[in-house]
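Residue-level listing of the chains:
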Amino acid sequence: VTTFKMPEEFGSVLDKQVIGPTTENLIKSDFPVQSFKPKVQIAFQELPGQCPRKIEVERRRRLYLTVDIAQLLASKGIDSDQLMPRHHDPDNMPTIEEKKDPVFPIYLPLKIFDNDGYDCRTPEEWISLGLEPGSHDRKPVPGKALLPTDDVLGHEDPKSQKLIYKWIDVGVLDYDKETELYLVHKTDKNGLVRDEEGRPILNGGITPQG
């Protein structure tokens, strides 16, 4: 009779064993589950024959995941890269023959056209979606932001003619009431919101050290 010996890395052995499909969410994320749930105006206790609240929430969640703002704008003939004002360059102005659209450069910032009248949540409500029940740490909230692809030049000169702006997946960290601006952080290649040392960014990026 021999003594049973447990493998040294028994946990990794169990992880490799896959028996049939699983309902477990295997995708690692820095965003809370509730931050992906849409807001619906449906009673928690529905009448017979009405659509249950949980089903309607899941239907809208899947629908909203199929919507891409860059594609929506492109379908209307809008180039997202042209939405950001740039420095005026009088030496390189296109002529009417070269460009069918107006030759005048874009000079009005997007915030002039900002309208929160149809927002389903206030900025504070959006940020609060990062709070999970029983936790004191506030996680980022998923979003998309029109940002420059070059981070260095984007910080030095946001209106540079050399910059290319694209809609990028971000984690929303905080909101400033005075400037009415959100603080965001680009996600990495795995869709995570991490600092330079690879740690999750919590509480708007504020640490005990400041």
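Residues numbered from 1 in each chain as written. Predicted model: local features only at pLDDT ≥ 70, side-chain atom pairs only at ≥ 80, totals over all residues. Heavy atoms only, no water.

On to the confidence of the model for the chain, then. Residues of the chain with pLDDT of at least 70 account for 85%, and the chain-wide mean is 84. By mean pLDDT, the top-scoring element of the chain is strand β2 (residues 165-176) (96), and the lowest-scoring one is helix α1 (residues 10-16) (74). (pLDDT = per-residue confidence, 0-100. Helix = DSSP H or I, 4+ residues; strand = E, 2+ residues; numbered from the N terminus.)

What follows concerns the environment of S160. Tracing the backbone through its elements, the reader meets S160 in the loop between α5 (151-156) and β2. Ignoring sequence-local partners within four residues, the contact set of S160 consists of R86, H87 and L153. A polar atom in the side chain of S160 sits 3.2 Å from the backbone nitrogen of K162. (Contact = heavy atoms within 4.5 Å. Polar contact = N/O pair within 3.5 Å; in protein donor to acceptor, adjacent residues only side chain to side chain.)

This part covers the pattern of salt bridges. For the structure on display, the rule yields 10 salt bridges. For R194, the salt bridge identified is with D30, shortest N-O distance 2.8 Å. Highlighted residues: R194 in the segment after β3 (181-186) and D30 in the loop between α1 and α2 (53-65), separated in sequence by 164 residues. On the accessibility criterion, R194 (18% relative accessible area) is buried. Taking the shortest distance from any N to any O, the salt bridge between D81 and R86 comes out at 2.8 Å. Linked through salt bridges whose partners overlap, the residues forming this network are E58, R61 and R62. (Salt bridge = Lys/Arg side-chain N within 4 Å of Asp/Glu carboxyl O. Buried < 20%, exposed > 50% of the residue type's maximum accessible area, 1.4 Å probe, protein only.)

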